[in-house]
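# Notes for the structure review
Here is how the chains run, residue by residue.
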Amino acid sequence: MGPFVKNAWYAAAWNHEIGPEPFARTILNEPLVLFRDTVGDVVVLEDRCCHRHLPLSEGKVIGDILQCGYHGLEFDCSGACVKVPGQTRVPPGGIVRTWPVLEKYQYVWVWMGDPDKADEALLPDWHVMDDPGWAVVKGDPPFHIPCHYELFNDNLLDLSHLAYVHIKNIGTSAVPDFPIVTTRGKNSVRMIRWILDSAPAPLYARFGGFEGNIDRWQYAEAMVPSFNTVRVGCMPAGSGAQAGDHPDDIARGPGGREGQGFEFYNLNAITPETENSTWYFYAHSRNFALEDPEMDEEFRVGLRGAFQDDVDILAAQQMNMDRHAHNAKDWIDINVDGPGLALRKMVDDALASEIKTLF
Ligand code: FES
Ligand SMILES: [Fe+2]
(Lines give C-alpha, C1' and ligand atoms only; values in the text may rest on other atoms or scores of the structure.)
(Ligands and ions follow the chains in the order given, each with its own letter.)
Protein backbone atom coordinates (compact mmCIF):
# COMPACT_ATOMS: atom_id res chain seq x y z
CA MET A 1 0.00 0.00 0.00
CA GLY A 2 1.39 3.35 -0.63
CA PRO A 3 2.27 5.44 -3.64
CA PHE A 4 1.14 4.59 -7.14
CA VAL A 5 3.02 3.71 -10.30
CA LYS A 6 2.86 6.96 -12.26
CA ASN A 7 4.38 6.03 -15.60
CA ALA A 8 1.41 4.08 -16.85
CA TRP A 9 -1.89 4.60 -18.61
CA TYR A 10 -4.94 4.48 -16.42
CA ALA A 11 -8.55 4.29 -17.54
CA ALA A 12 -10.11 7.56 -16.40
CA ALA A 13 -13.48 7.20 -18.10
CA TRP A 14 -15.46 5.44 -20.77
CA ASN A 15 -15.38 7.42 -24.01
CA HIS A 16 -19.15 7.90 -23.87
CA GLU A 17 -18.95 9.48 -20.42
CA ILE A 18 -17.10 12.51 -21.77
CA GLY A 19 -18.90 15.25 -23.69
CA PRO A 20 -18.81 19.04 -23.84
CA GLU A 21 -19.70 19.38 -20.14
CA PRO A 22 -17.05 19.25 -17.42
CA PHE A 23 -16.73 15.75 -15.94
CA ALA A 24 -14.96 15.21 -12.61
CA ARG A 25 -13.07 12.07 -11.69
CA THR A 26 -10.25 11.55 -9.21
CA ILE A 27 -7.54 9.06 -10.07
CA LEU A 28 -4.29 8.41 -8.20
CA ASN A 29 -5.35 11.08 -5.72
CA GLU A 30 -5.41 13.71 -8.49
CA PRO A 31 -8.72 15.43 -9.10
CA LEU A 32 -9.20 15.60 -12.86
CA VAL A 33 -11.73 17.45 -14.98
CA LEU A 34 -12.37 16.05 -18.45
CA PHE A 35 -14.32 17.50 -21.38
CA ARG A 36 -14.37 17.44 -25.17
CA ASP A 37 -13.11 20.46 -27.07
CA THR A 38 -14.77 21.81 -30.22
CA VAL A 39 -13.10 19.22 -32.46
CA GLY A 40 -14.14 16.38 -30.15
CA ASP A 41 -10.78 15.66 -28.55
CA VAL A 42 -10.74 14.86 -24.84
CA VAL A 43 -9.05 17.46 -22.64
CA VAL A 44 -7.82 16.59 -19.14
CA LEU A 45 -7.01 19.33 -16.65
CA GLU A 46 -6.37 19.49 -12.95
CA ASP A 47 -9.73 19.90 -11.25
CA ARG A 48 -8.50 22.65 -8.97
CA CYS A 49 -8.51 26.29 -9.95
CA CYS A 50 -5.13 27.94 -9.38
CA HIS A 51 -6.90 30.96 -7.88
CA ARG A 52 -8.79 29.66 -4.83
CA HIS A 53 -8.98 25.95 -5.59
CA LEU A 54 -12.62 25.55 -6.53
CA PRO A 55 -13.00 22.39 -8.63
CA LEU A 56 -13.03 23.59 -12.23
CA SER A 57 -15.63 20.91 -12.92
CA GLU A 58 -18.10 23.23 -11.18
CA GLY A 59 -17.54 25.80 -13.89
CA LYS A 60 -18.53 25.65 -17.53
CA VAL A 61 -17.04 24.87 -20.91
CA ILE A 62 -17.36 27.67 -23.43
CA GLY A 63 -16.01 26.41 -26.76
CA ASP A 64 -12.40 25.45 -26.04
CA ILE A 65 -12.30 27.34 -22.74
CA LEU A 66 -13.07 26.10 -19.25
CA GLN A 67 -14.37 28.94 -17.08
CA CYS A 68 -14.09 28.63 -13.31
CA GLY A 69 -17.45 28.86 -11.56
CA TYR A 70 -16.21 31.10 -8.72
CA HIS A 71 -14.47 34.23 -10.09
CA GLY A 72 -14.53 33.44 -13.79
CA LEU A 73 -10.88 32.73 -14.59
CA GLU A 74 -10.66 31.09 -18.00
CA PHE A 75 -8.35 28.22 -18.99
CA ASP A 76 -7.47 26.91 -22.43
CA CYS A 77 -6.99 23.25 -23.31
CA SER A 78 -3.31 23.39 -22.33
CA GLY A 79 -4.27 24.47 -18.81
CA ALA A 80 -3.04 28.05 -19.28
CA CYS A 81 -5.12 30.79 -17.71
CA VAL A 82 -5.97 33.08 -20.62
CA LYS A 83 -8.32 35.52 -18.91
CA VAL A 84 -8.80 37.07 -15.50
CA PRO A 85 -12.01 39.11 -15.36
CA GLY A 86 -11.42 42.78 -14.51
CA GLN A 87 -7.70 42.85 -15.33
CA THR A 88 -5.53 42.55 -18.39
CA ARG A 89 -2.64 40.70 -16.79
CA VAL A 90 -2.61 37.00 -15.90
CA PRO A 91 -0.38 36.61 -12.84
CA PRO A 92 2.57 34.17 -12.86
CA GLY A 93 1.43 30.70 -11.91
CA GLY A 94 -1.81 31.17 -13.81
CA ILE A 95 -1.91 27.59 -15.05
CA VAL A 96 -3.36 24.24 -14.05
CA ARG A 97 -1.81 20.85 -14.77
CA THR A 98 -2.63 18.68 -17.70
CA TRP A 99 -1.71 15.10 -18.59
CA PRO A 100 -1.31 13.09 -21.80
CA VAL A 101 -4.62 11.57 -22.83
CA LEU A 102 -5.51 8.86 -25.31
CA GLU A 103 -8.84 7.58 -26.50
CA LYS A 104 -8.62 3.93 -27.49
CA TYR A 105 -10.65 0.73 -27.23
CA GLN A 106 -13.60 2.89 -26.08
CA TYR A 107 -11.74 4.02 -22.97
CA VAL A 108 -10.23 7.40 -22.14
CA TRP A 109 -6.70 6.73 -20.87
CA VAL A 110 -4.64 9.23 -18.92
CA TRP A 111 -0.87 9.03 -18.43
CA MET A 112 -0.18 10.16 -14.87
CA GLY A 113 3.63 10.28 -14.96
CA ASP A 114 6.42 11.80 -17.03
CA PRO A 115 4.76 13.02 -20.26
CA ASP A 116 7.86 12.16 -22.30
CA LYS A 117 7.41 8.51 -21.42
CA ALA A 118 3.78 8.29 -22.54
CA ASP A 119 3.65 5.59 -25.18
CA GLU A 120 0.57 4.07 -26.76
CA ALA A 121 2.41 0.76 -27.09
CA LEU A 122 2.20 0.39 -23.32
CA LEU A 123 -1.53 -0.25 -23.48
CA PRO A 124 -2.67 -3.88 -23.47
CA ASP A 125 -3.87 -5.27 -26.80
CA TRP A 126 -7.61 -4.98 -26.44
CA HIS A 127 -8.47 -4.95 -30.14
CA VAL A 128 -11.51 -7.13 -29.38
CA MET A 129 -13.19 -3.92 -28.17
CA ASP A 130 -13.24 -2.64 -31.77
CA ASP A 131 -13.18 -5.82 -33.84
CA PRO A 132 -16.38 -6.57 -35.82
CA GLY A 133 -15.92 -10.27 -35.06
CA TRP A 134 -16.59 -9.62 -31.40
CA ALA A 135 -19.62 -8.20 -29.54
CA VAL A 136 -18.88 -5.81 -26.70
CA VAL A 137 -20.79 -5.09 -23.50
CA LYS A 138 -19.28 -2.34 -21.37
CA GLY A 139 -19.66 -2.29 -17.61
CA ASP A 140 -21.37 1.04 -17.30
CA PRO A 141 -21.06 2.91 -15.05
CA PRO A 142 -17.71 1.73 -13.72
CA PHE A 143 -17.85 0.23 -10.26
CA HIS A 144 -16.52 2.32 -7.42
CA ILE A 145 -14.98 0.03 -4.81
CA PRO A 146 -13.82 1.02 -1.33
CA CYS A 147 -10.58 -0.97 -1.49
CA HIS A 148 -6.94 -0.66 -2.44
CA TYR A 149 -6.52 -1.55 -6.12
CA GLU A 150 -4.04 -4.36 -5.45
CA LEU A 151 -6.72 -6.35 -3.66
CA PHE A 152 -8.50 -6.35 -6.96
CA ASN A 153 -5.38 -7.36 -8.86
CA ASP A 154 -5.19 -10.36 -6.53
CA ASN A 155 -8.83 -11.19 -7.14
CA LEU A 156 -8.54 -11.25 -10.92
CA LEU A 157 -5.43 -13.41 -10.93
CA ASP A 158 -6.91 -15.97 -8.59
CA LEU A 159 -10.00 -17.42 -10.18
CA SER A 160 -10.34 -20.19 -7.63
CA HIS A 161 -12.78 -17.78 -5.96
CA LEU A 162 -15.31 -18.62 -8.67
CA ALA A 163 -16.17 -21.72 -6.66
CA TYR A 164 -17.24 -19.65 -3.67
CA VAL A 165 -18.08 -16.09 -4.70
CA HIS A 166 -19.62 -16.94 -8.08
CA ILE A 167 -21.15 -20.35 -7.57
CA LYS A 168 -24.58 -19.03 -8.67
CA ASN A 169 -23.40 -17.75 -12.04
CA ILE A 170 -19.89 -18.33 -13.45
CA GLY A 171 -18.39 -20.76 -10.94
CA THR A 172 -18.53 -24.44 -10.12
CA SER A 173 -17.13 -26.31 -7.17
CA ALA A 174 -14.65 -28.08 -9.49
CA VAL A 175 -12.63 -24.96 -10.35
CA PRO A 176 -10.05 -25.09 -7.52
CA ASP A 177 -9.44 -28.81 -8.13
CA PHE A 178 -7.55 -28.00 -11.32
CA PRO A 179 -4.00 -26.67 -10.99
CA ILE A 180 -2.77 -23.43 -12.45
CA VAL A 181 0.29 -22.70 -14.53
CA THR A 182 1.95 -19.35 -13.86
CA THR A 183 4.34 -17.64 -16.26
CA ARG A 184 6.09 -14.34 -15.77
CA GLY A 185 6.86 -11.84 -18.52
CA LYS A 186 8.81 -8.62 -18.21
CA ASN A 187 5.90 -6.60 -16.90
CA SER A 188 3.18 -9.16 -16.83
CA VAL A 189 2.01 -12.35 -15.20
CA ARG A 190 -0.10 -15.04 -16.78
CA MET A 191 -2.25 -17.61 -15.04
CA ILE A 192 -3.70 -20.52 -17.00
CA ARG A 193 -6.14 -23.09 -15.76
CA TRP A 194 -7.93 -25.83 -17.67
CA ILE A 195 -11.02 -27.32 -16.07
CA LEU A 196 -11.64 -30.55 -17.89
CA ASP A 197 -14.70 -32.77 -18.28
CA SER A 198 -16.72 -30.87 -15.78
CA ALA A 199 -20.29 -29.57 -15.50
CA PRO A 200 -20.85 -26.06 -16.92
CA ALA A 201 -21.46 -23.16 -14.52
CA PRO A 202 -25.07 -21.86 -14.64
CA LEU A 203 -24.32 -18.92 -16.94
CA TYR A 204 -22.06 -21.04 -19.14
CA ALA A 205 -24.85 -23.56 -19.59
CA ARG A 206 -27.16 -20.76 -20.71
CA PHE A 207 -24.62 -19.14 -23.02
CA GLY A 208 -23.60 -22.37 -24.72
CA GLY A 209 -26.69 -24.57 -24.44
CA PHE A 210 -24.54 -27.50 -23.36
CA GLU A 211 -26.14 -30.80 -22.42
CA GLY A 212 -23.08 -32.54 -21.04
CA ASN A 213 -19.77 -31.73 -19.49
CA ILE A 214 -17.37 -29.17 -20.89
CA ASP A 215 -13.66 -28.43 -21.11
CA ARG A 216 -13.18 -24.87 -19.93
CA TRP A 217 -10.18 -22.59 -20.06
CA GLN A 218 -9.19 -19.54 -18.05
CA TYR A 219 -6.30 -17.41 -19.27
CA ALA A 220 -5.68 -14.39 -17.10
CA GLU A 221 -2.89 -12.00 -17.96
CA ALA A 222 -2.15 -9.00 -15.78
CA MET A 223 0.15 -6.13 -16.69
CA VAL A 224 1.81 -3.69 -14.33
CA PRO A 225 0.22 -1.82 -12.72
CA SER A 226 -3.37 -2.98 -13.10
CA PHE A 227 -4.66 -4.15 -16.48
CA ASN A 228 -6.07 -7.60 -16.47
CA THR A 229 -7.14 -9.49 -19.57
CA VAL A 230 -9.13 -12.60 -18.77
CA ARG A 231 -9.87 -14.87 -21.67
CA VAL A 232 -12.29 -17.65 -20.90
CA GLY A 233 -14.19 -20.17 -22.93
CA CYS A 234 -15.33 -23.70 -23.21
CA MET A 235 -16.15 -26.54 -25.61
CA PRO A 236 -17.93 -29.84 -25.07
CA ALA A 237 -15.73 -32.18 -23.07
CA GLY A 238 -13.34 -34.14 -25.23
CA SER A 239 -13.82 -32.05 -28.39
CA GLY A 240 -10.18 -31.12 -28.57
CA ALA A 241 -10.04 -27.63 -27.12
CA GLN A 242 -6.89 -28.19 -25.13
CA ALA A 243 -5.20 -30.11 -27.93
CA GLY A 244 -4.79 -27.08 -30.14
CA ASP A 245 -8.05 -25.58 -31.29
CA HIS A 246 -7.43 -23.00 -28.66
CA PRO A 247 -4.55 -20.72 -29.70
CA ASP A 248 -2.08 -19.93 -27.01
CA ASP A 249 -1.80 -16.20 -27.53
CA ILE A 250 -4.16 -14.51 -25.15
CA ALA A 251 -4.66 -11.49 -27.37
CA ARG A 252 -5.68 -13.43 -30.47
CA GLY A 253 -9.00 -15.13 -30.94
CA PRO A 254 -11.15 -16.89 -31.49
CA GLY A 255 -10.93 -20.12 -29.58
CA GLY A 256 -13.90 -22.51 -29.63
CA ARG A 257 -15.17 -23.73 -32.98
CA GLU A 258 -18.40 -22.46 -34.48
CA GLY A 259 -21.38 -24.13 -32.85
CA GLN A 260 -19.24 -26.12 -30.47
CA GLY A 261 -18.39 -23.70 -27.76
CA PHE A 262 -17.71 -20.09 -27.12
CA GLU A 263 -15.19 -17.71 -25.80
CA PHE A 264 -15.22 -14.29 -24.28
CA TYR A 265 -12.81 -11.77 -22.94
CA ASN A 266 -13.24 -9.97 -19.70
CA LEU A 267 -11.16 -6.81 -19.99
CA ASN A 268 -10.37 -5.11 -16.72
CA ALA A 269 -8.86 -1.70 -16.18
CA ILE A 270 -8.43 -1.06 -12.49
CA THR A 271 -7.72 2.54 -11.60
CA PRO A 272 -6.80 3.67 -8.10
CA GLU A 273 -8.86 6.64 -6.98
CA THR A 274 -7.17 6.99 -3.57
CA GLU A 275 -5.19 4.57 -1.40
CA ASN A 276 -8.39 2.89 -0.36
CA SER A 277 -10.77 3.39 -3.26
CA THR A 278 -10.73 2.10 -6.78
CA TRP A 279 -12.51 2.58 -10.10
CA TYR A 280 -13.26 -0.65 -11.91
CA PHE A 281 -13.82 -0.45 -15.68
CA TYR A 282 -14.69 -3.78 -17.19
CA ALA A 283 -15.97 -4.94 -20.53
CA HIS A 284 -16.88 -8.24 -22.11
CA SER A 285 -16.19 -9.09 -25.69
CA ARG A 286 -17.62 -12.33 -27.04
CA ASN A 287 -17.20 -14.22 -30.28
CA PHE A 288 -20.72 -15.65 -30.46
CA ALA A 289 -24.31 -14.33 -30.72
CA LEU A 290 -22.90 -11.17 -32.26
CA GLU A 291 -26.12 -9.37 -33.20
CA ASP A 292 -28.16 -10.57 -30.30
CA PRO A 293 -29.58 -7.97 -27.88
CA GLU A 294 -30.86 -10.71 -25.58
CA MET A 295 -27.36 -12.11 -25.20
CA ASP A 296 -26.10 -8.56 -24.63
CA GLU A 297 -28.56 -8.35 -21.78
CA GLU A 298 -27.52 -11.76 -20.41
CA PHE A 299 -23.95 -10.52 -20.26
CA ARG A 300 -24.84 -7.08 -18.93
CA VAL A 301 -27.04 -8.31 -16.10
CA GLY A 302 -25.47 -11.72 -15.39
CA LEU A 303 -21.90 -10.54 -15.18
CA ARG A 304 -22.67 -7.27 -13.43
CA GLY A 305 -24.34 -9.35 -10.74
CA ALA A 306 -21.27 -11.57 -10.55
CA PHE A 307 -18.91 -8.61 -10.29
CA GLN A 308 -21.09 -6.95 -7.68
CA ASP A 309 -20.30 -9.98 -5.54
CA ASP A 310 -16.58 -9.28 -6.00
CA VAL A 311 -17.13 -5.64 -5.05
CA ASP A 312 -18.84 -6.71 -1.83
CA ILE A 313 -16.02 -9.13 -0.98
CA LEU A 314 -13.32 -6.55 -1.63
CA ALA A 315 -15.08 -3.88 0.42
CA ALA A 316 -15.47 -6.27 3.35
CA GLN A 317 -11.84 -7.34 3.06
CA GLN A 318 -10.60 -3.74 3.09
CA MET A 319 -12.85 -2.84 6.01
CA ASN A 320 -11.37 -5.64 8.08
CA MET A 321 -7.84 -4.67 7.12
CA ASP A 322 -8.52 -1.07 8.15
CA ARG A 323 -10.23 -2.08 11.37
CA HIS A 324 -7.22 -3.94 12.67
CA ALA A 325 -4.57 -1.92 10.87
CA HIS A 326 -3.58 -5.10 9.12
CA ASN A 327 -1.37 -5.14 6.13
CA ALA A 328 -0.18 -7.62 3.57
CA LYS A 329 2.57 -8.80 5.91
CA ASP A 330 0.41 -10.68 8.36
CA TRP A 331 -1.64 -12.83 6.10
CA ILE A 332 -0.82 -16.33 4.90
CA ASP A 333 -0.28 -17.32 1.30
CA ILE A 334 -1.52 -20.42 -0.52
CA ASN A 335 -0.67 -21.88 -3.92
CA VAL A 336 -3.29 -19.96 -5.86
CA ASP A 337 -1.75 -16.68 -4.67
CA GLY A 338 1.32 -17.27 -6.86
CA PRO A 339 0.31 -15.09 -9.83
CA GLY A 340 -0.99 -12.27 -7.61
CA LEU A 341 2.19 -12.27 -5.54
CA ALA A 342 4.27 -12.15 -8.73
CA LEU A 343 2.33 -9.10 -9.91
CA ARG A 344 2.67 -7.39 -6.52
CA LYS A 345 6.42 -7.86 -6.76
CA MET A 346 6.49 -6.33 -10.26
CA VAL A 347 4.42 -3.36 -9.08
CA ASP A 348 6.80 -2.88 -6.14
CA ASP A 349 9.78 -3.03 -8.51
CA ALA A 350 8.17 -0.47 -10.84
CA LEU A 351 7.51 1.83 -7.89
CA ALA A 352 11.06 1.44 -6.61
CA SER A 353 12.54 2.32 -9.99
CA GLU A 354 10.28 5.38 -10.33
CA ILE A 355 11.28 6.57 -6.89
CA LYS A 356 14.95 5.96 -7.67
CA THR A 357 14.82 8.16 -10.78
CA LEU A 358 13.64 11.07 -8.62
CA PHE A 359 17.05 11.29 -6.92
S1 FES B 1 -11.44 29.97 -7.48
FE2 FES B 1 -11.46 29.87 -9.61
S3 FES B 1 -11.64 31.90 -10.25
FE4 FES B 1 -11.47 32.03 -8.10
FE1 LIG C 1 -14.79 -12.57 -9.21
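Everything numeric in this text was worked out from a predicted model, so none of it was measured.

Thresholds, definitions, all that
- Residues numbered from 1 in each chain as written.
- Chains lettered and ligands numbered in written order.
- Predicted model: local features only at pLDDT ≥ 70, side-chain atom pairs only at ≥ 80, totals over all residues.
- Domains from an automatic or database assignment.
- Contact = placed C-beta atoms within 7 Å.
- Helix = DSSP H or I, 4+ residues; strand = E, 2+ residues; numbered from the N terminus.
- Nonpolar A, V, L, I, M, F, W, Y, C, P; charged D, E, K, R; others polar.
- Pairing = 2+ DSSP bridges.
- Buried ≥ 20, exposed ≤ 12 C-beta atoms within 10 Å, placed from the backbone.

On to the domain arrangement of the protein. Looking at the assigned domains, one finds that the protein contains domain 1 (9-121) and domain 2 (125-351). Inter-centroid distance (C-alpha atoms) of domain 1 to domain 2 is 33 Å. Facing the eleven residues of domain 1 at the interface are twelve residues of domain 2. When residues of the side of domain 1 that touches domain 2 are traced back to their parent elements, those giving at least two are strand E1 (9-14) and strand E2 (23-27). Of all the elements, E1 adds the most residues to the side of domain 1 that touches domain 2, at four residues. Of the residues that constitute the side of domain 1 that touches domain 2, the class distribution is eight nonpolar, three polar and no charged.

Mapped onto the elements of the fold, Leu 290 is located in the loop between strand E18 (277-286) and helix H4 (293-323). It is 36 Å that separates the C-alpha atoms of Leu 290 and Arg 344, two residues lying 54 residues apart in sequence.

What the four strands build is an open sheet, ordered E5-E6-E7-E8; its pairing is antiparallel. Whereas interior strands pair on both sides, the edge strands pair on one side only; in this sheet they are strand E5 (60-62) and strand E8 (81-83). Two strands pair when backbone bridges link them, and strand E6 (residues 65-67) and strand E7 (residues 74-75) are joined in this way by two bridges, in the antiparallel orientation. When the sheet's bridge partners are listed, Gln 67 is paired in E7 with Glu 74.

A regular strand places its side chains on the two faces of the sheet in alternate fashion. Most of strand E4 (residues 42-46) is tucked away, with four of its five residues classed as buried. In this antiparallel pair of consecutive strands, strand E3 (residues 30-36) and E4, the connection spans five residues, and Gly 40 shows a positive phi of 95°.

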